[in-house]
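# Coordinate analysis (summary)
The lines below spell out each chain.
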Amino acid sequence: MNTTPTTDSTTTDSTTTAADQATERVHAYYGSVKRLGHWTGARRFEVRARRASAVLDLRSPHIPDGDIEIEVGIDHSMVKLLVPQDAEIDHWDLRYTGRGRVKDWTGENGGGRRIRITGEIKHGEIRVHRGGVATLSALFTKEFVQDARRARREGTTPVVADPSHAG
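Residues numbered from 1 in each chain as written. Predicted model: local features only at pLDDT ≥ 70, side-chain atom pairs only at ≥ 80, totals over all residues. Heavy atoms only, no water.

## Comments concerning the overall build of the chain
Broken down by element type, the chain carries three helices and ten strands. Ordered by position from N to C terminus, the α and β elements of the chain give β-α-β-β-β-β-β-β-β-β-β-α-α. The buried share among the 167 residues of the chain stands at 44%. Contacts in the chain between residues far apart in sequence, at least 24 positions, make up 59% of those at least 6 positions apart. (Helix = DSSP H or I, 4+ residues; strand = E, 2+ residues; numbered from the N terminus. Buried < 20%, exposed > 50% of the residue type's maximum accessible area, 1.4 Å probe, protein only. Contact = heavy atoms within 4.5 Å.)

## A short note on helix 2 (residues 131–139)
Within the span of helix 2, buried status applies to Gly131, Ala134, Ser137 and Ala138. The buried side chains of helix 2 occupy one side of the element, clustering within an arc of 120° when seen end-on. Its buried side turned inward, helix 2 meets strand 7 (78–83), strand 10 (114–130) and helix 3 (142–154). (Arc of directions from axis to C-beta.)

## Observations regarding the side chain of Thr118
Along the chain, the position of Thr118 falls in strand 10. The buried category is assigned to Thr118, whose relative accessible area is 18%.

## So, unusual backbone geometry
The backbone phi angle of Tyr30 is positive, close to 55°, even though this residue is not glycine. Of note, Tyr30 is situated in the loop between strand 2 (22–29) and strand 3 (32–35). Take Tyr30: its relative accessible area is 57%, and that puts it in the exposed class.

## With respect to the packing of aromatic side chains
Summed over all chains, the structure comprises one aromatic pair. On the basis of an interplanar angle of 40° and a centroid distance of 5.6 Å, the ring pair of Trp39 and Phe45 is categorised as tilted. Look at Trp39 and you get buried, because its relative accessible area is 17%. Accessibility expressed as a relative area gives 2% for Phe45, which makes it buried. (Phe/Tyr/Trp six-rings, centres within 6.5 Å; stacked < 30°, edge-to-face > 60°.)

## Observations concerning the pattern of salt bridges
According to the stated counting rule, one finds 13 salt bridges in the structure shown. Between Glu71 and Arg48 there is a salt bridge, with the nearest N and O atoms lying 3.1 Å from each other. Of this pair, Glu71 sits in strand 6 (residues 68–75) while Arg48 sits in strand 4 (residues 44–50); the two residues are 23 residues apart in sequence, bridging distant segments of the chain. For Glu71, a relative accessible area of 35% corresponds to the partly exposed category. Residues participating in the shared-partner salt-bridge network are Asp67, Asp90 and Arg114. (Salt bridge = Lys/Arg side-chain N within 4 Å of Asp/Glu carboxyl O.)

## What about helix 3?
With 13 residues, helix 3 extends 19 Å between its outermost C-alpha atoms, agreeing within 8% with the 18 Å of an ideal straight helix rising 1.5 Å per residue. Where the residues of helix 3 are buried, they touch helix 2. Looking one or two places after helix 3, you find Gly155, whose phi comes out positive at around 75°. (Expected span 1.5 Å × (residues − 1).)

## Here we look at the pairing of strand 7
Burial analysis of strand 7 places six of its six residues in the buried class, which makes it a mostly covered element. Judged by which residues are buried, strand 7 turns out to be covered on both faces: Met78, Lys80 and Leu82 on one side and Val79, Leu81 and Val83 on the other are all buried. In terms of strand pairing, strand 5 (residues 53–57) meets strand 7 through five bridges, oriented parallel. Within strand 7, the residue paired with Val55 across the bridge is Lys80. Bridging between strand 7 and strand 10 involves six bridges; their strand directions are parallel. Residue pairing in the sheet places Lys80 in a bridge with Arg127 of strand 10. (Pairing = 2+ DSSP bridges.)

Written as structure tokens, this is what we have:
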């Protein structure tokens, strides 16, 4: 499981920062991977999952402004995206092999941040949890319990439940 940001040399615009150029790689093979709270400052992600599940929290204010790009390679797996309520999900360039789908219960694209999903789904799904549902998804994890204990010890606010409320 490698989550080290790597630099993509294809971007040469001098106005972009290193965080804008970094690609966060998330690999989930035959298990479960969760990245919650303030886990990254990148806007580009590569997600590879094979017979596994991955949860990515994209609500952090530490992620720079602009479009978020997610390239997926999903094989018999589930990827859950925790996004702000007004996020715009664009999965037009996503390829499906077998039974694949994107489940976005509200299906409402607001005027907020655009999240572009590309790549391929082979017998899997992407679940989009927005706003309050995203908060509940983060609350009911062991990572939240650990974060709440850490926050209590340090006298700070937990960041896993809602990254926008803590610094």
